Amino acid sequence: MSGNILEIKDLRKSFGKKEVLHGVGFSLKRGGIYGLVGPNGAGKSTIMKIMGGLIFPTAGEIDFFDRDGKKEDLRTARRKIKSFANARQNLEKQRLQKGLPDKGVIDRVLESVGLSGVDEKKQVRQYSLGMKQRLGIATALMCDPELLVLDEPVNGLDPAGIHYIRELLLKLNQESGVTILISSHILSELSQLCTDYIFIGGGNILETATAEELERSGRGCFEVVTTDNDKAYSLLSERFGESVLMEDGVIKLYGEFGSEAELSEMLFAAGAVPTRLARAESDLEKYYLEKVLESEGGIE
C-alpha cells in the first residue's frame, strides 16, 4: 500500500454569514497516524463532520483513493471511513444496518478492543467511560475501515484507559495498516502516537509536518543531565554530531540515539553519571502554542 488515501483541497464551510473554514487543504498518506492539532473553534470537528458526510462543505473537494491510487466516488468511499465520537451502539443492530452477513464479526471486533470477556448481562449504561470508548471503536471496526477518524478519543479517561486506547490504535495501525486521523487536546498523548501533524487555527491550516521534521527542527528532543555535563556533552557530540546541543545546563539530543538504557550505560562508563534522562514532553505543546499565537485570530 502506498500513496495518499485522502486529499482535501480548498475546503470551505460557512454557517450563515460566518465562514469557519477558509480554504483548508491537506493530504493523508496511507498507513500514517495524523494528529489534527488546534484550539477550540479552530475547525477540527467541522472538518471531521464533512469527511464523514454529517454536514456538507460550502466549497472545496475531498478525494478518496483506493489501494491502487485510483480516485473513488466519495459516497462509496465514505463506507471505508469510520468516525468515532464516544457513541455507544448495539453491535448487532449495527451489523444488520450495515448489511453484514458474517455474525462472527462481532466476536472479532470485541476481542480486538478487549471487550470479549465482559459479562453479557452487563448493560451498556453500566460500562465505564473507557469501555464505552472501546465499544465505539469496535463499532467503527465492523466494516474493516481503511481510515479511522477519532475526535478526542481519550477525553475523560484515566491514565490506564488512555494507555489502553493508545496501544489499541498503534496495533490497528501497525498490524492492520489502518490510517488514523486524531483530534485531541492531550498533546503529550499525540506525541506518543502520531507520525504526522496538521496544525490548524482560525479555520486555516497553519502547517503540516512529520514527527521527524519536528525533531530535526528542534521541536522534539531527549534531555540529559549528568554529574559531569562537560564530559557528557563532549562524548555525545563526538558520537552524534550536530544533533546534540547544550542549553542552560541541559544536554538535548535530537533524532535517533538508540535506547535509553544504552545511553545511560555509555554515560556511566565515561564517568558522567546521569541524573536526568527524559523526553521533553512539552515540546509539541510549545510548538502548538507558538503556531497558534502567531496565527491571526489564533486562540478563541
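Preceding this section is the structure that the text describes.
My aim in this report is to walk through the structure given alongside it, one point at a time. (Residues numbered from 1 in each chain as written. Predicted model: local features only at pLDDT ≥ 70, side-chain atom pairs only at ≥ 80, totals over all residues. Heavy atoms only, no water.)

Turning our attention to the sheet that holds strand β14 (residues 274–279). Taken together, four strands build an open sheet; the order of strands is β12-β13-β11-β14 and the sheet is antiparallel. Either end of the sheet is taken by a strand with one partner, and the two such strands are β12 (244–247) and β14. Between one strand axis and the next, the sheet turns through 20° on average, direction left out of account. The pairing of strand β11 (residues 222–226) with strand β13 (residues 250–253) spans three bridges and is antiparallel. Opposite E223, over in β13, you have K252 as the bridge partner. In the packing of helix α9 (residues 229–240) onto the sheet, the strands contacted are β11, β12 and β13, and the crossing angle to β12 comes to about 155°. Each of β11, β13 and β14 is contacted by helix α10 (residues 260–269), which is oriented at about 155° to β14, the strand it contacts most. (Pairing = 2+ DSSP bridges. Helix = DSSP H or I, 4+ residues; strand = E, 2+ residues; numbered from the N terminus. Axes fitted to C-alpha atoms, helices over the stretch in contact; angles between N-to-C directions. Contact = heavy atoms within 4.5 Å.)

Our focus in this paragraph is the sheet that holds strand β4 (residues 59–65). The antiparallel open sheet is built from four strands, whose spatial order is β2-β1-β4-β5. Each edge of the sheet is formed by a strand with only one pairing partner; in this case those strands are β2 (18–29) and β5 (71–72). Summarising the sheet, β4 and β5 pair through two bridges and their orientation is antiparallel. Its bridge partner lying in β5, F64 is registered against E72. Sheet strands in contact with helix α1 (residues 44–52) are β1 (4–15), β2 and β4, and its direction is about 115° off that of β1.

We now examine the nonpolar core. Formed by 41 residues in total, the largest nonpolar core has its most connected members in I137, L148, L169, L172, I180, I182 and Y197. Aside from chain neighbours lying at most four places away, what touches L169 is I137, L148, L150, I180, I182 and L193. L11, F26, L28 and I50 belong to the second-largest nonpolar core, a separate cluster that totals 26 residues. (Core = buried A, V, L, I, M, F, W, Y, C linked by side-chain atoms within 4.5 Å. Buried < 20%, exposed > 50% of the residue type's maximum accessible area, 1.4 Å probe, protein only.)

Take the packing of aromatic side chains next. What the rule picks out here adds up to one aromatic pair. Over the aromatic face of F15 sits the side chain of K13, whose NZ or CZ is 5.1 Å from the ring centroid. Just above the ring of Y164 sits the side chain of R134; from NZ or CZ to the centre is 4.3 Å. (Phe/Tyr/Trp six-rings, centres within 6.5 Å; stacked < 30°, edge-to-face > 60°. Lys NZ or Arg CZ within 6 Å of the ring centre and 35° of its normal.)

One non-glycine residue with positive phi stands out, namely D10, at about 45°. Relative to the assigned elements, D10 resides in strand β1. Owing to a relative accessible area of 42%, D10 belongs among the partly exposed residues under this scheme. Even without being a glycine, E152 presents a positive backbone phi close to 50°. One can find E152 in the loop between β7 (147–151) and α6 (159–176). Residue E152 is classed as buried on the basis of its relative accessible area, which comes to 12%.

Purely geometric stuff here, so don't read any function into it on its own.
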